[in-house]
Amino acid sequence: DVKVTQSSRYLVKRTGEKVFLECVQDMDHENMFWYRQDPGLGLRLIYFSYDVKMKEKGDIPEGYSVSREKKERFSLILESASTNQTSMYLCASTLGPDTQYFGPGTRLTVL
Amino acid sequence: RKEVEQDPGPFNVPEGATVAFNCTYSNSASQSFFWYRQDCRKEPKLLMSVYSSGNEDGRFTAQLNRASQYISLLIRDSKLSDSATYLCVVNLYNFNKFYFGSGTKLNVKP
């Protein structure tokens with residue numbers, strides 16, 4: 001059974017803190033993605049990675065960075081959290097242009 | 001203009017009803033199409049892929065109209081358990097780019 005896990009389901013941070021969100025997949029997928037989901041806006045792509053140490057900006061990369069040191073792990077970093085980064089963060093992985101498998105999501109609140 | 005647009009609903013239907021959702025996409029280079037289902041506070045999960053010839057999976061039928069650039073999802077004999085948000089997803093030639101609609105909410109009532 002395919003599995004994508006995320007380090008936290010709920011997270012509360014203060015403005016200016018550095019935040020790490022981790023995602024791990026056990027399917028040997030090449031491609032991994034970070035999205036945020038906000039009401040009325042759908043899922044928006046922050047960054048994706050198509051191989052170890054490779055990354056590309058998505059549609060809303062500002063304020064975020066990523067790291068992929070191992071194939072199974074893709075981390076999202078908020079260098080200095082702001083209140084407008086309060087959102088649901090979803091990680092996904094895929095082998096090709098087909099099914100995306102999502103992690104359970106991290107609901108981040110920045111106070 | 002959004003890449004993918006959906007009617008947010010909600011669609012409130014009685015059990016046993018037939019309901020249909022449409023989704024339009026703006027980029028004619030789109031190659032792959034999907035419907036995902038998302039339950040409240042859960043992650044999206046693939047419901048079905050949408051093929052050019054249309055496809056059916058039990059009570060669910062998906063259609064693609066490339067000329068008009070829309071895809072549809074038909075649910076027959078609605079069940080209470082079908083209550084969820086249905087996301088339309090489109091993939092461009094570059095398989096790293098998936099575009100999601102904001103979702104259509106379905107409430108099936110007894």
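In the block above lies the structure referred to throughout.
Structure report, in brief.

The rules behind the values
- Residues numbered from 1 in each chain as written.
- Chains lettered and ligands numbered in written order.
- Predicted model: local features only at pLDDT ≥ 70, side-chain atom pairs only at ≥ 80, totals over all residues.
- Heavy atoms only, no water.
- Helix = DSSP H or I, 4+ residues; strand = E, 2+ residues; numbered from the N terminus.
- Rg over C-alpha atoms; globule rule 2.2 N^0.38 Å.
- Buried < 20%, exposed > 50% of the residue type's maximum accessible area, 1.4 Å probe, protein only.
- Areas by Shrake-Rupley, 256 points an atom, 1.4 Å probe, with all protein chains shown as cover.
- Lys, Arg positive; Asp, Glu negative; His and termini not counted.
- Charge placed at Lys NZ, Arg CZ, Asp CG, Glu CD.
- Salt bridge = Lys/Arg side-chain N within 4 Å of Asp/Glu carboxyl O.
- Pairing = 2+ DSSP bridges.
- Axes fitted to C-alpha atoms, helices over the stretch in contact; angles between N-to-C directions.
- Contact = heavy atoms within 4.5 Å.
- Buried area = accessible area lost by both parts, 1.4 Å probe.
- Nonpolar A, V, L, I, M, F, W, Y, C, P; charged D, E, K, R; others polar.
- Core = buried A, V, L, I, M, F, W, Y, C linked by side-chain atoms within 4.5 Å.

Another aspect to go through is the overall build of chain A. Along its length, chain A carries zero helices and eleven strands. Along chain A, from the amino end to the carboxyl end, the secondary structure elements read β-β-β-β-β-β-β-β-β-β-β. In summary, chain A has a C-alpha radius of gyration of 13 Å against a globular reference of 13 Å for 111 residues, a match within 12%. Sorting the 111 residues of chain A into buried and exposed places 50% on the buried side. Total accessible area on chain A is roughly 5300 Å²; 50% of this is exposed by carbon and sulfur atoms. For chain A, the separation between the mean place of its 15 positive charges and that of its 15 negative charges on side chains is 7 Å.

All names here are of chain A. Tallied over the full model, the rule gives eleven salt bridges over all chains. Between glutamate 79 and lysine 18 there is a salt bridge whose closest N-O contact spans 3.5 Å. Linking glutamate 79 in the loop between β8 (73-78) and β9 (87-94) with lysine 18 in the loop between β2 (10-13) and β3 (19-25), this pair joins segments that are 61 residues apart in sequence. Judged by relative accessible area, which is 44%, lysine 18 ranks as partly exposed.

With that settled, the discussion passes to the sheet that holds strand β6 (residues 55-57) of chain B. Residue and element names in this part refer to chain B. Read across the open sheet, the five strands follow the order β1-β3-β8-β7-β6; overall the sheet is antiparallel. The sheet terminates laterally at β1 (4-6) and β6, the two strands that pair on one side only. In this sheet, neighbouring strand axes are inclined to one another by 20 degrees on average, regardless of whether the strands run parallel or antiparallel.

Walk down a regular strand and you will see the side chains alternate between the two sheet faces. Residues and elements named next belong to chain A. Side chains Val19, Leu21, Cys23 and Gln25 of β3 all project onto a buried face; the interleaved residues Phe20, Glu22 and Val24 project onto a face where none is buried. With three bridges connecting them, strand β1 (residues 4-6) and β3 associate as antiparallel partners. For valine 4, the partnering residue across the bridge sits in β3 and is glutamine 25.

On to unusual backbone geometry. Note the cis peptide between Gly9(B) and Pro10(B), where omega equals 5 degrees. Even without being a glycine, Lys53(A) presents a positive backbone phi close to 65 degrees. With respect to the helices and strands, Lys53(A) occurs in the loop between β5 (42-51) and β6 (54-57). Even without a glycine there, the phi angle at Gln69(B) is positive, about 60 degrees. Following the sequence through the fold, Gln69(B) ends up in the loop between β7 (60-65) and β8 (70-75).

Accessible area lost when the parts come together is the quantity often used to give the size of an interface. On the chain B side, the residues contacting the 25 residues of chain A number 20 residues. Of the roughly 1800 Å² buried at the junction of chain A and chain B (both faces included), carbon and sulfur atoms supply 55%. Of all residues in chain A, Leu43(A), Pro97(A) and Phe102(A) give up the largest surface area on contact with chain B, accounting jointly for 24% of the area buried on that side. Summed over the shared surface of chain A and chain B, the result is zero salt bridges. Every element with two or more residues in the side of chain A that touches chain B is listed here: β4 (31-38), β5 and β9 of chain A. Ranked by residue count, the leading element in the side of chain A that touches chain B is β5(A), at five residues. Along the lines of polarity and charge, the residues of the side of chain A that touches chain B split into eleven nonpolar, ten polar and four charged.

So, on to the nonpolar core. Residues and elements named next belong to chain B. Core analysis: the largest hydrophobic core is formed by 25 residues, its most contacted members being Phe21, Trp35, Ile71, Leu73, Ile75, Tyr86 and Leu106. Taken together, the elements giving at least two residues each to this core come down to β3 (19-25), β4 (32-38), β5 (45-50), β7, β8, β9 (84-91) and β11 (104-109). Residues in contact with leucine 73, not counting those within four places in the same chain, are Val19, Ala20, Phe21, Trp35, Leu47, Met48, Phe60, Thr61 and Tyr86.

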